[in-house]
Structure formats: C-alpha cells, structure tokens
Amino acid sequence: MPRVDRAARKAFMAAAATRRDQVVDGARALISVASPNPPLSTEAVADAAAGLLVKLVPDVEVSTHAAGEGVVNLVARVRGSGLGRRLVMNGHLDTYPVNEALPWTVDPLGGLVRDAGGWEPSVKRR
C-alpha cells in the first residue's frame, strides 16, 4: 500500500480545521437522526446524509436504494476530472439503540458540543 504524502496529509488536515463548523454541524445533523438497530430503520438517516452531501459537495450524484424492510442504502458519486484510481468509502448508517435506562445528563441524540475549545485534528503517525 502506498504511503500518503505527509505534505498532502498536512494540507488536508489544515483544510478540515478551517471547516470545523461545517464538520461539527454535519456530525450533529447525522447524530440527531435516530437509526437504531434493532429495530432496523435507516431511511431517515440516509435522507439526512443525502441532504448534507447535496448541500456540501458540488455536482454530487446521490441515490438511495431500499435493501429490505427498514434498510435504505445511500450511494454518492463525485466524478473526478482525471484518470486514475478511485476512492470508495463504505460505512453503516444504523446505530445501537439508545439505552433509556442509563442516567443521561444530556440528550444522546442532541449532538451537544462541550469542551471543544482549541479543537484541532491531529495526524496519527505510524
């Protein structure tokens, strides 16, 4: 596997840091949509993720695909301008159910940001 250029990685992290509010707002939007499994239900979070992508990514192609009762998959495609490799990301839209028996002091789906002063992403070294 090829090593990632350190300068490119550093530039990416700096760009992410300048978009901190966008990153936090996007995360909060997704966190606020319950997608517990069980019962399996990903339609609402797929719609929320699709809305974020359309808002944030120029010329993104977004489609949703029903894969069974309660299961909706999201596919987003961003076409590049050159030849070469493709990047494919795969993840889960479902989450564990919120355990209502726990003594929550904040809404677990509220996306409360606390103690984030001076937040900057760090680069892990291997």
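Structural data are supplied above this passage.
Residues numbered from 1 in each chain as written. Predicted model: local features only at pLDDT ≥ 70, side-chain atom pairs only at ≥ 80, totals over all residues. Heavy atoms only, no water.

### Regarding the pattern of salt bridges
In plain terms, the rule: Salt bridge, as used here: a side-chain nitrogen of Lys or Arg that lies within 4 Å of a carboxyl oxygen of Asp or Glu. Think of it in three bands: with a 1.4 Å probe and only protein chains considered, a residue is buried below 20% of the maximum accessible area for its type, exposed above 50%, and partly exposed in between. Only DSSP runs of H or I with at least four residues qualify as helices, and only runs of E with at least two residues qualify as strands; both kinds are numbered from the N terminus onward.
Under the defined criterion, the tally for this structure stands at 2 salt bridges. A salt bridge links Arg20 to Asp21, with the shortest nitrogen-to-oxygen separation between them at 3.6 Å. For Asp21, a relative accessible area of 53% gives the class exposed. Between Arg79 and Glu61 there is a salt bridge, and its shortest N-O distance comes to 2.8 Å. Separated by 18 residues along the polypeptide, Arg79 in the segment after strand S2 (71–77) and Glu61 in strand S1 (residues 61–68) bring together distant segments of the chain. On the basis of relative accessible area, Glu61 is assigned to the partly exposed category, the value being 36%.

### Let's talk about the environment of Ala46
Topologically, Ala46 is positioned in helix H3 (residues 43–56). With 19 residues separating them in the primary sequence, Ala46 and His65 have C-alpha atoms 9.6 Å apart.

### Looking at unusual backbone geometry
In this structure, the amide linkage connecting Asn37 to the following residue, Pro38, adopts the cis form with an omega of 5 degrees. Checked against the element boundaries, Pro38 lands in the loop between helix H2 (20–31) and H3. A cis geometry characterises the amide bond from Pro38 onward to Pro39, with omega recorded as -15 degrees. As for its position among the elements, Pro39 is in the loop between H2 and H3.

### A few points about the layout of surface pockets
Keep this limit in mind: Lining residues are those with an atom within 4 Å of a point, where the points come from a 1 Å grid over the protein atoms alone and group into cavities, where a 1.4 Å probe fits but cannot get out, or pockets, open sets with protein on both sides within 12 Å along at least five of seven lines. Grid points are joined across faces, edges and corners, and a volume is the space filled by probe spheres set on the points. Note on residue categories: nonpolar means Ala, Val, Leu, Ile, Met, Phe, Trp, Tyr, Cys or Pro, charged means Asp, Glu, Lys or Arg, and polar means any other residue, Gly included.
Approximately 1,900 Å³ is the volume attributed to the largest pocket. In this structure, the largest pocket is lined by 41 residues; those nearest its centre are Leu53, Val57, Ala76, Val78 and Met89. Mapped by element, the contributors of at least two residues to the lining of the largest pocket are helix H1 (6–18), H2, H3 and S2. The greatest single-element share of the lining of the largest pocket, amounting to 7 residues, is contributed by S2. Taken together, the residues that form the lining of the largest pocket break down as 24 nonpolar, 11 polar and 6 charged.

### A few points about H1
So the rule is basically this: An expected span of 1.5 Å times one less than the residue number is assigned to each helix. What qualifies as a polar contact is a pair of N or O atoms within 3.5 Å, subject to a donor-acceptor requirement within protein and to the restriction that residues adjacent in sequence count only when both atoms come from side chains.
End to end, H1 covers 18 Å across 13 residues, agreeing with the expected 18 Å (1.5 Å per residue, within 8%). By the N-cap criterion, in which a side-chain oxygen at the helix start approaches the backbone nitrogen of a residue two or three places on, H1 is capped by Asp5, the distance to Ala7 being 2.9 Å.

### Concerning the side chain of Thr42
Note the following rule: In this analysis, two residues are considered to be in contact whenever any of their non-hydrogen atoms come within 4.5 Å of each other.
Turning to its location among the elements, Thr42 is positioned in the loop between H2 and H3. Thr42 sits in the buried class, given a relative accessible area of 4%. Polar contacts involving the side chain of Thr42 include one to the main-chain amide nitrogen of Val72, which spans 2.7 Å. Thr42 has contacts with Gly70, Val71, Val72, Leu93 and Asp94, leaving out every residue within four places of it along the chain.

### Structural notes on the pairing of S2
Put simply, the test is: Note on pairing: DSSP must find at least two bridges between two strands before they are called paired.
The pairing of S1 with S2 spans 7 bridges and is classified as antiparallel. For Ala66, the partnering residue across the bridge sits in S2 and is Val72. Counting the residues in the hairpin turn of S1 and S2 gives 2 residues, including Gly70, whose phi is positive at 80 degrees.

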